Amino acid sequence: MVTSHDRQMFTSHWHSIIPKKLFAEHSIILLKRTEMHASYLSLLASGELAIRIQAAYARLESCDICPLRCGVNRLQGDLGVCKTGVLAQVSSYGPHPGEERPLSGWRGSGTIFFARCNLRCAYCQNADISQLSSGQEVSPAELAGLMLELQGKGCHNINLVSPSHVLPQILAALELAAQGGLTLPLVYNTGGYDSLETLTLLDGVVDIYMPDMKYDDAEVALKYSKVRDYPQVNQAAVLEMQRQVGDLMLDEDGIARRGLLVRHLVLPGGLAGSDSVFKFLAEEVSKNVYLNIMAQYRPAFNAWDYPELNRRIRSEEYRAAIALAKRYGLMRLDE
Ligand code: SF4
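Residues numbered from 1 in each chain as written. Predicted model: local features only at pLDDT ≥ 70, side-chain atom pairs only at ≥ 80, totals over all residues.

Regarding the overall build of the protein chain
(1) Moving on: Along the backbone of the protein chain there are 13 helices and 10 strands.
(2) Moving on: When each of the 335 residues of the protein chain is scored for burial, the buried share is 46%.
(3) Moving on: Considering only contacts within the protein chain whose residues lie at least 6 apart along the sequence, 72% involve residues at least 24 apart. (Helix = DSSP H or I, 4+ residues; strand = E, 2+ residues; numbered from the N terminus. Buried ≥ 20, exposed ≤ 12 C-beta atoms within 10 Å, placed from the backbone. Contact = placed C-beta atoms within 7 Å.)

Observations regarding the site of the ligand
(1) Moving on: The full set close to the ligand counts 13 residues, and Cys63, Cys66, Cys70, Gly80 and Cys82 are the nearest of them.
(2) Moving on: When its residues are assigned to classes, the shell around the ligand shows eight nonpolar, three polar and two charged. (Near = placed C-beta within 6 Å. Nonpolar A, V, L, I, M, F, W, Y, C, P; charged D, E, K, R; others polar.)

Considerations on the confidence of the model for the protein chain
(1) Moving on: In this model, the protein chain carries a mean pLDDT of 92, and residues with pLDDT of at least 70 account for 89%.
(2) Moving on: Across residues 21-27, where pLDDT falls below 50, the model places seven contacts with residues more than four positions away in sequence or in other chains. (pLDDT = per-residue confidence, 0-100.)

Considerations on the environment of Ala88
(1) Moving on: Tracing the chain through its elements places Ala88 in strand E2 (residues 88-96).
(2) Moving on: Taking the C-alpha atoms as reference points, Ala88 and Ile170, 82 residues apart in sequence, are found 8.1 Å from one another.
(3) Moving on: Discounting residues that sit within four places of it in the chain, Ala88 has contacts with Phe114, Val138, Leu143, Val166 and Gln169.

Brief notes about helix H7 (residues 140-152)
(1) Moving on: For H7, spanning 13 residues, the distance from its first C-alpha to its last is 18 Å, which sits close to the expected 18 Å at 1.5 Å a residue.
(2) Moving on: Within H7, burial applies to Pro140, Leu143, Ala144, Met147 and Leu150. For H7, the arc enclosing every buried residue in end-on projection is 120°, short of the 170-degree limit, so these residues lie on one face. Of the exposed residues in H7, the ones pointing more than 90 degrees away from its buried face are Ala141 and Gly152.
(3) Moving on: Tucked into the core, H7 has its buried residues touching E2, strand E3 (109-114), strand E4 (136-138), strand E5 (158-161) and helix H8 (167-179).
(4) Moving on: Residue Gly154 follows H7 closely and has a positive phi angle near 95°. (Expected span 1.5 Å × (residues − 1). Arc of directions from axis to C-beta.)

A word on the pairing of strand E10 (residues 290-294)
(1) Moving on: In this sheet, E10 lies alongside strand E9 (residues 256-265) in parallel orientation, the contact comprising five bridges. Bridge pairing in E10 links Val262 to Leu291.
(2) Moving on: Taken together, E9, helix H12 (residues 274-285) and E10 constitute a β-α-β crossover, and its handedness is right-handed. (Pairing = 2+ DSSP bridges. Right-handed = clockwise from strand over helix to strand, strands pointing away.)

Quick notes on unusual backbone geometry
(1) Moving on: Notably, Lys83 is not glycine yet its phi reads approximately 50°, a positive angle.
(2) Moving on: Here the phi dihedral of Arg116 falls at roughly 70°; this positive angle occurs in a residue that is not glycine.
(3) Moving on: On the secondary structure map, Arg116 appears in the loop between E3 and helix H6 (127-130).

Here's the deal with the nonpolar core
(1) Moving on: Core analysis: the largest hydrophobic core is formed by 95 residues, its most contacted members being Leu186 and Leu260.
(2) Moving on: Looking at which element gives the most residues to this core, the answer is H8, with eight residues. (Core = buried A, V, L, I, M, F, W, Y, C linked by C-beta atoms within 7 Å.)

Observations concerning helix H11 (residues 230-245)
An α-helix turns once per 3.6 residues; consequently, residues spaced three or four apart project the same way.
(1) Moving on: With 16 residues, H11 should reach 22 Å at 1.5 Å per residue; the first-to-last C-alpha distance of 22 Å fits that figure.
(2) Moving on: If you check which residues of H11 are buried, you get Tyr230, Pro231, Val233, Asn234, Ala237, Val238, Met241, Gln244 and Val245. The buried side chains of H11 occupy one side of the element, clustering within an arc of 160° when seen end-on. Opposite the packed face of H11, turned more than 90 degrees from it, sit the exposed residues Gln232 and Arg243.
(3) Moving on: Those residues of H11 hidden inside the fold are in contact with helix H9 (196-202), strand E7 (208-211), helix H10 (218-225), E9 and H12.
(4) Moving on: Phi turns positive one or two residues past the end of H11, at Gly246, with a value near 75°.

Quick look at the packing of H11 against H12
(1) Moving on: Relative orientation of the contacting elements H11 and H12 amounts to 40°, with a least axis distance of 11 Å. Looking at the two axes, H11 sits oblique to H12. Helix-helix and strand crossings are classified by hand; for H11 and H12 the assignment is right-handed. Each of Gln235, Val238, Leu239 and Gln242 in H11 lies in contact with H12, whose residues at this interface are Phe280, Glu284 and Val285.
(2) Moving on: Class assignment for the residues of the contact of H11 with H12 results in four nonpolar, two polar and one charged. (Axes fitted to C-alpha atoms, helices over the stretch in contact; angles between N-to-C directions. Parallel < 35°, antiparallel > 145°, perpendicular 65-115°, else oblique. Left-handed = near helix turned anticlockwise from the far one by under 90°.)

Section: the environment of Glu175
(1) Moving on: Within the secondary structure layout, Glu175 lies in helix H8.
(2) Moving on: Separated by 31 residues in the primary sequence, Glu175 and Ala144 place their C-alpha atoms 8.1 Å from one another.
(3) Moving on: Once residues lying within four places of it in the same chain are set aside, the contact partners of Glu175 are Leu44, Leu49, Ala50 and Ile53.

Structural notes on the packing of H7 against H8
(1) Moving on: Where H7 meets H8, the closest approach of the two axes is 8 Å, and the angle between their N-to-C directions is 60°. With respect to H8, the element H7 is oriented oblique. H7 and H8 meet at a crossing whose hand is right-handed. For the pair formed by H7 and H8, the contact residues are Pro140, Ala141, Leu143, Ala144, Met147 and Leu148 on the first element and Gln169, Ala172, Ala173, Leu176 and Ala177 on the second.
(2) Moving on: Split by residue class, the contact of H7 with H8 holds 10 nonpolar, one polar and no charged.

A closer look at the pairing of E5
(1) Moving on: Every second residue of E5 is oriented toward a common face, with Ile158 and Leu160 on one face and Asn159 and Val161 on the other, all of them buried.
(2) Moving on: Inspection of the sheet shows E3 paired to E5 by four bridges, in the parallel sense. Paired with Phe113 across the bridge in E5 is Val161.
(3) Moving on: As defined by bridge partners, E5 adjoins strand E6 (residues 186-190) across four bridges and the pair is classed as parallel. Directly across from Ile158, in E6, lies its bridge partner Leu186.
(4) Moving on: Handedness of the crossover joining E5 and E6 through H8 is recorded here as right-handed.

The following block contains the structure:
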């Protein structure tokens, strides 16, 4: 059970690791709790959310929800690369204590793991969910119920994990959940292969974008994730996300309320192109971008088919990635 002591522990630790002068130097913006309300509530009130839902579902008839543009009729149950029809599939859900600190806080991030994915990464760290499991099909009303249940458990946000292929279903559920009292910010926790048309439908809906930036090289992306255009699509998507929500803003307790948070998984042998990913972030996005450089790569799924992926990263590779980020002036690194 979460107590006020947990909150005090969290906030005092947070304040101790971020000296006051850093707020000024890196423009970390604090929001008062009274200033906060989830973006989608305005769209619900204006009726715009209902229009977005219609527009999103219409695109399932010849599916172009993600950049793969499979063109299948998901309204009739036809399946494209993501093997998802008209209903979203959920693998698991619950308060998650292990996400980035501003998301998990002391009560957990309200994660909803969608089954399947629009990417087919050879080394997927969650292949049991993204590639191998069909999960449980849920109606929009059931999905709304999960969101409200997570809010009832005290989670700080609703964290939609692998949402890119189920955007219409998420919007439909969100409308019902918001009508039922949902007020938590949405976290769009994506592999980063999102089309601009789809992101436009999320403008004013999503408060926190959390995309991966996996590669900088088209041939590497093709080899390991089966999409040659990942770098160009991903960079355009991250720029659009930054345009919509800006740098990550925290509340007085250090909880994320709005903004961009980027994840970069370091791959063995420099395959993730960390240098140019960080250069892009620093020069094109923002030096104040909140960046999680992840060290937890392990060979998984089909990684054993690629000798160069068949090992964990070395500590010196991780340290070199951190040093690179700092060299480009990126200082808001997840600790
Ligand atoms: S969302 Fe699924 S069916 Fe639609 S284009 Fe992407 S992978 Fe294909």
